[in-house]
Structures are given as structure tokens and as C-alpha cells.
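Working through the structure, step by step
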Amino acid sequence: MKKILTLSAAAGLVMLSSAAHANTLGGLAFSGSTPHAAAMMVKDDFTIAGKADLMALKAMNEDGTVKAIVEIPAGTSAKWEVSKEDPKAVYWEYKKGKPRVVNYLGYPGNYGAIPGTALPKELGGDGDPLDVIVLGQAVPRGEVVDVRVIGVLKMLDDGEQDDKLIAVLANDSPFAHIETMAQLDEEYAGVSQIIDLWFANYKGPDGGMEGLGFEDAASARKVLDAAAAHFEASR
């Protein structure tokens, strides 16, 4: 009994220590416990890094699926992104002197970037890799997954175009067989509305986000092809 109590007490101390540590990182209990990709190592409380240049990966696979880098696992709110200075790293974005946390419900899917893409403003982008939300179970931060792009959510952010590709995990997921937005709506009622409402509201009532509706997979593919071509031309 004494040994059991000792082990229990030790476990409690570890939990308390983890909780106290998490409280220093934006006050989120899960901020220090969100899993990261096995290929990534923790550099510090705000950075994970691996050996591969994430942006050097090709966007498209031969089978028609697309690579996506998961920056924010589904259900979490800490705003991480691939580093522009070191594309081998994913870091916790800073804003106004502190780690950025989305003050809303957690992300409704895995949020991330498409490697090997960059869409300039003249084509409706911001010069960064394409944003993508990937439907399916939560994926560790920094993981590169194969996805199927099924549509695009057209959005404005303070009047500037800020579209989000909609994709599904291509393997081992309840959504893996979905190929179109129409099929998504038919088989998973309400999911597209959840995504639309979430992005329109996650920055708050005065956040400047405006949803313009969804377009189909063909439209999304045109955006993807243009962004991949621009990335290659700019290297």
C-alpha cells in the first residue's frame, strides 16, 4: 500500500508540474501535451524541428493526392505554423508579445499548409503556402499527411482574399472516401456549415472574416496548380 501511495504521489507531482508548465504557455492545459510528429524534435517550448525541409516537398503525389503539413491538430487552439526562416521547423506564432491562441472553439479539422506552393496577391493569395483544413481524426503537429482536396472555402480577411482548401485524410479515416463537397454534405450533414461558421467567427465579431461560400474540387485544383507553378517559378 505504501509503495502504491508513493507512486501515486509521484504521478500527481508530475501532473502538477506539467500543469504549471502549461500555464506559462498561454494558460492552456493542452499546450504542452499536444503530440508532435515522430520525425520532429522539441527544440524549446515554442519550436519543434526535424531534418527535412518541409517546403521542399512536392505538393502533388502521383496518385492525385496532395501533401499537407499539419500545423494545428484538430480540436486545439494554439496557433502554430511552418517557419519562414527555417522550413525544417514549426513554431508557436507570437502576437502582441505572447504565444497566439485562438479565442474560440478548437479548430474543426487539422489545419496546415500545402508544401511547394505559394500564391501571389495577383492570383488571390498572400505569397504564403496555401492554407488547408483537413477533415478526419486529429494528427500530430508537424506530421506530413496525404490528403484529398475536395473543395475550397472562399473568404475575405479584412477585404483581402484568404481562401482555405478543404481536404480529407486520404488514408485510415472515416472521411477517406469523400471526393466532393456534395458527397461530404450528403454523408456528413452539417460539416461544411460548421467549417464555414467557424472561419467566419473565430477571430470574433469584429475580426474582419467574411465567408463567400464553397467551390468544388475542380476550382480548388486550379488554385493548387497555380500556387505550385508559382512556387516553382520563384525558386
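The rules we used
Per chain, residue numbering runs from 1 following the sequence as it is written. For this predicted model, a pLDDT threshold of at least 70 governs which residues receive local features, and a threshold of 80 or more governs which side-chain atom pairs are given and counted, while totals over whole chains, interfaces and linings are taken from all residues. Just so you know, side-chain values use all the structure's heavy atoms and leave hydrogens and water out. Labels follow the DSSP assignment, with helices taken as runs of H or I lasting at least four residues and strands as runs of E lasting at least two, numbered in each case from the N terminus. When accessible area is computed with a 1.4 Å probe and restricted to protein chains, residues below 20% of their type maximum are described as buried, those above 50% as exposed, and intermediate ones as partly exposed. Just so you know, the count uses Lys and Arg for positive and Asp and Glu for negative, and it drops His and the chain ends. Here, a salt bridge means any Lys or Arg side-chain nitrogen found within 4 Å of an Asp or Glu carboxyl oxygen. Counted as a polar contact is a pair of N or O atoms within 3.5 Å, where, for protein atoms, one must be capable of donating a hydrogen and the other of accepting one, and residues adjacent in sequence contribute only when both atoms are in side chains. Any pair of residues with heavy atoms lying within 4.5 Å of one another is described as a contacting pair. Within this analysis, the arc is defined by the directions that extend from the helix axis to the C-beta atoms. Strands are treated as partners if at least two bridges between them are detected by DSSP. What pLDDT expresses is the predictor's confidence in each residue, scored from 0 to 100. Working definition: rings of Phe, Tyr and Trp (its six-membered ring) pair if their centres are within 6.5 Å, and the pair is stacked with planes under 30 degrees apart, edge-to-face with planes over 60 apart, and tilted otherwise. Only the stretch in contact is used when fitting a helix axis, every axis being a line fitted to C-alpha atoms; angles between N-to-C directions are given from 0 to 180 degrees. Here a helix's expected span is defined as the number of its residues, less one, multiplied by 1.5 Å.

Examining the side chain of glutamate 81
- Secondary-structure assignment places glutamate 81 in strand β4 (residues 80-82).
- As a buried residue without a salt bridge, glutamate 81 has its nearest oppositely charged side chain in lysine 84, at a separation of 4.1 Å.
- A polar side-chain atom of glutamate 81 sits 2.6 Å from a polar atom in the side chain of tyrosine 91.
- For glutamate 81, the contacting residues outside a window of four places in its chain are Glu71, Ala89, Val90, Tyr91 and Glu93.

A look at helix α3 (residues 191-201)
- Within α3, the full set of buried residues consists of Val191, Ser192, Ile195, Trp198 and Phe199. Projected down its long axis, α3 shows its buried positions confined to an angular sector of 130 degrees, all on one face.
- For α3, the secondary structure elements touched by its buried residues are β8 (110-113), β9 (131-135), β10 (144-157), β12 (164-169), α2 (181-187) and β13 (209-216).

Observations concerning the environment of alanine 229
- Considering the arrangement of structural elements, one finds alanine 229 in helix α4 (residues 217-234).
- Residue classification places alanine 229 among the partly exposed positions, given a relative accessible area of 47%.
- Separated by 110 residues in sequence, alanine 229 and leucine 119 have C-alpha atoms that sit 9.0 Å apart.

A look at the pairing of β8
- Here β8 shows no split at all, with Asn110 and Gly112 on one side and Tyr111 and Ala113 on the other all buried.
- Pairing of strand β3 (residues 66-72) with β8 involves 3 bridges; the strand directions are antiparallel. Looking at β8, one finds that isoleucine 72 is bridged to tyrosine 111.
- Where β8 lies against β9, 4 bridges are found, and the strand directions are antiparallel. Paired with glycine 112 across the strands is valine 132, a residue of β9.

Comments concerning the confidence of the model for the protein chain
- Chain-level pLDDT for the protein chain is 86 on average; 86% of the residues reach the 70-or-more range.
- Note on residues 1-26: pLDDT is under 50 here. Beyond four places in sequence and across chains, it has 10 contacts.

Description of the packing of aromatic side chains
- Evaluation of the coordinates by the stated rule reveals 12 aromatic pairs.
- Note on tyrosine 107 and tyrosine 202: the rings are 6.4 Å apart at their centroids and 55 degrees apart in plane angle, and the pair reads as tilted. Here tyrosine 107, found in the loop between β7 (98-99) and β8, pairs with tyrosine 202, found in the loop between α3 and β13; they are 95 residues apart in sequence, far enough to count as distant.
- An aromatic cluster is defined as three or more aromatic residues linked by ring pairs; in this entry it consists of Tyr104, Tyr107, Tyr111, Trp198, Phe199 and Tyr202.

A look at the environment of leucine 105
- Here leucine 105 is to be found in the loop between β7 and β8.
- Put simply, leucine 105 and glycine 75 are 30 residues apart on the chain and 7.7 Å apart in space, counted from C-alpha to C-alpha.
- Excluding residues within four positions of it along the chain, leucine 105 makes contact with Ser77 and Trp198.

Looking at the sheet that holds β4
- Strand order in the open sheet formed by 4 strands is β1-β2-β5-β4, and the pairing between neighbours is antiparallel. Single-partner strands in this sheet number two, and they are β1 (41-44) and β4. Along the sheet, successive strands turn relative to each other by an average axial angle of 25 degrees, direction set aside.
- Looking at chain direction, β4 and strand β5 (residues 89-92) are connected through 3 bridges and run antiparallel. Residue valine 82 lies in a different strand from β5, and its bridge partner there is valine 90.

Regarding α4
- End to end, α4 covers 26 Å across 18 residues, agreeing with the expected 26 Å (1.5 Å per residue, within 8%).
- Considered for burial, the residues of α4 that qualify are Ser219, Ala220, Val223, Leu224, Ala227, Ala228 and Phe231.
- Where α4 is buried, its residues touch β3, β10, β12 and β13.

Quick notes on the pattern of salt bridges
- For the structure shown, the criterion picks out 9 salt bridges.
- Between glutamate 232 and lysine 58 there is a salt bridge, with the nearest N and O atoms lying 3.3 Å from each other. Remark: lysine 58 occurs in the loop between β2 (47-49) and β3 and glutamate 232 occurs in helix α4; sequence separation between them is 174 residues.
- Under the relative-accessibility criterion, lysine 58 is labelled exposed at 52%.

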